[in-house]
Amino acid sequence: MSVHRLEARQLLPIARDEAWRFFSNPRNLARITPPDMRFTITSACPDEVYPGLIITYRVRPLFNIPVGWVTEITHVLARERFVDEQRAGPYAMWHHEHHFRDVDGGTEMRDIVHYAVPGGPLGDVIDRRLVRRRLAEIFAYRRHVIERLFNQHAHEPSRAASA
């Protein structure tokens with residue numbers, strides 16, 4: 001089983017507190033997931049992640065085949081990072097770090113995903129031919145939606161200014 005790495009960075013033109021509020025709320029994951037995946041949370045969710053939180057989903061990652069997925073939030077350092085790890089689902093291993101830091105112009109969000117596809121050497125072939133490309137599509141979609149959400153939001157008057 002080979003462990004693969006995916007890293008993505010995105011500049012958000014918003015304060016880190018606002019970025020944290022959005023991304024640490026599990027319900028917002030559906031907003032940034034491609035619609036064809038029919039992502040649905042099947043468990044109760046709080047407004048913010050915490051260590052030990054178990055979240056269950058139904059998702060269609062490939063070929064429109066429904067798959068159950070269970071993740072645990074294993075680490076949280078408020079406003080800086082959190083980690084979700086798959087406990088059951090389509091991967092042999094899934095470890096996703098979400099990092100946030102202040103930069104000029106807003107917040108840098110960085111995702112680091114380590115994952116493994118089941119099936120040993122065959123899983124590595126499936127990764128090269130399907131999974132890696134699908135993950136790139138998912139993160140590209142996510143980037144586009146986040147850009148649209150937060151760049152549009154950055155140009156709206158703040159609540160305090162409009163009150």
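Basis of the calculations
Residues numbered from 1 in each chain as written. Predicted model: local features only at pLDDT ≥ 70, side-chain atom pairs only at ≥ 80, totals over all residues. Heavy atoms only, no water. Helix = DSSP H or I, 4+ residues; strand = E, 2+ residues; numbered from the N terminus. Areas by Shrake-Rupley, 256 points an atom, 1.4 Å probe, with all protein chains shown as cover. Lys, Arg positive; Asp, Glu negative; His and termini not counted. Charge placed at Lys NZ, Arg CZ, Asp CG, Glu CD. Core = buried A, V, L, I, M, F, W, Y, C linked by side-chain atoms within 4.5 Å. Buried < 20%, exposed > 50% of the residue type's maximum accessible area, 1.4 Å probe, protein only. Contact = heavy atoms within 4.5 Å. Salt bridge = Lys/Arg side-chain N within 4 Å of Asp/Glu carboxyl O. Phe/Tyr/Trp six-rings, centres within 6.5 Å; stacked < 30°, edge-to-face > 60°. Pairing = 2+ DSSP bridges.

A. Layout of the overall build of the protein. Within the protein one finds 3 helices and 7 strands. Carbon and sulfur atoms provide 54% of the accessible area of the protein, an area that totals close to 9100 Å². Charge centroids of the protein, computed over 23 positive and 20 negative side chains, lie 5 Å from each other.

B. Main features of the nonpolar core. Among the nonpolar cores identified, the biggest contains 33 residues, and Leu12, Phe23 and Tyr115 are the most heavily contacted of them. For this core, the secondary-structure elements that each account for two or more residues are β1 (4-12), α1 (16-23), β3 (54-59), β4 (67-77), β6 (93-103), β7 (106-116) and α2 (121-155). At 7 residues, the largest contribution of residues to this core is made by α2. Beyond its immediate stretch of four places on either side in the chain, Tyr115 contacts Ser2, Val3, His4, Tyr91, Met93, Trp94, Asp127, Val131, Arg132 and Leu135.

C. Structural detail: the environment of Pro118. Within the element layout of this structure, Pro118 appears in the loop between β7 and α2. Between the alpha carbons of Pro118 and Met93 there is a distance of 8.2 Å; along the sequence they are 25 residues apart. Not counting chain neighbours up to four residues away, the residues in contact with Pro118 comprise Pro90, Tyr91, Ala92 and Gly123.

D. Spotlight on the environment of Phe139. Among the secondary structure elements, Phe139 is positioned in helix α2. You can call Phe139 buried: its relative accessible area is 13%. Here the alpha-carbon distance between Phe139 and Ala8, two residues 131 residues apart in the chain, equals 7.7 Å. In this structure Phe139 touches Leu6, Ala8, His96, Asp111 and Val113, once residues within four positions along its chain are discounted.

E. Just the pattern of salt bridges, in detail. For the structure shown, the criterion picks out 14 salt bridges. We note a salt bridge from Glu7 to Arg9, for which the minimum N-O separation is 3.2 Å. Note that Arg132 and Asp127 form a salt bridge whose closest N and O atoms lie 2.7 Å from each other. Arg132 gets classed as partly exposed once you look at its relative accessible area, which sits at 41%. When salt bridges with common partners are traced through the structure, they connect Arg5, Glu7, Arg9, Arg101, Glu108 and Arg110 into a single cluster.

F. Layout of the packing of aromatic side chains. Under the counting rule described, the total for this entry stands at 14 aromatic pairs. In this structure an aromatic cluster arises from ring pairing among Trp20, Phe22, Phe23, Phe82, Phe100 and Phe150.

G. Quick peek at the pairing of β6. For strand β5 (residues 81-88) and β6, the ladder comprises 5 bridges, and the chain directions are antiparallel. If you follow Val83 over to β6, its bridge partner there is Glu97. Between β6 and β7, which pair antiparallel in sequence order, lie 2 residues; one of them, Gly105, sits at a positive phi of approximately 90°.

H. Region of the structure containing unusual backbone geometry. A positive phi angle is found at Asn64, which is not glycine, with a value near 60°. Summarising the element assignment, Asn64 is placed in the loop between β3 and β4. Of the residues examined, Asn64 reaches a relative accessible area of 44% and is grouped as partly exposed. A positive phi angle, near 70°, is found at Arg79, a position not held by glycine. In this structure Arg79 comes out as partly exposed when scored by relative accessible area, which is 34%.

Nothing here speaks to function; it is geometry throughout.
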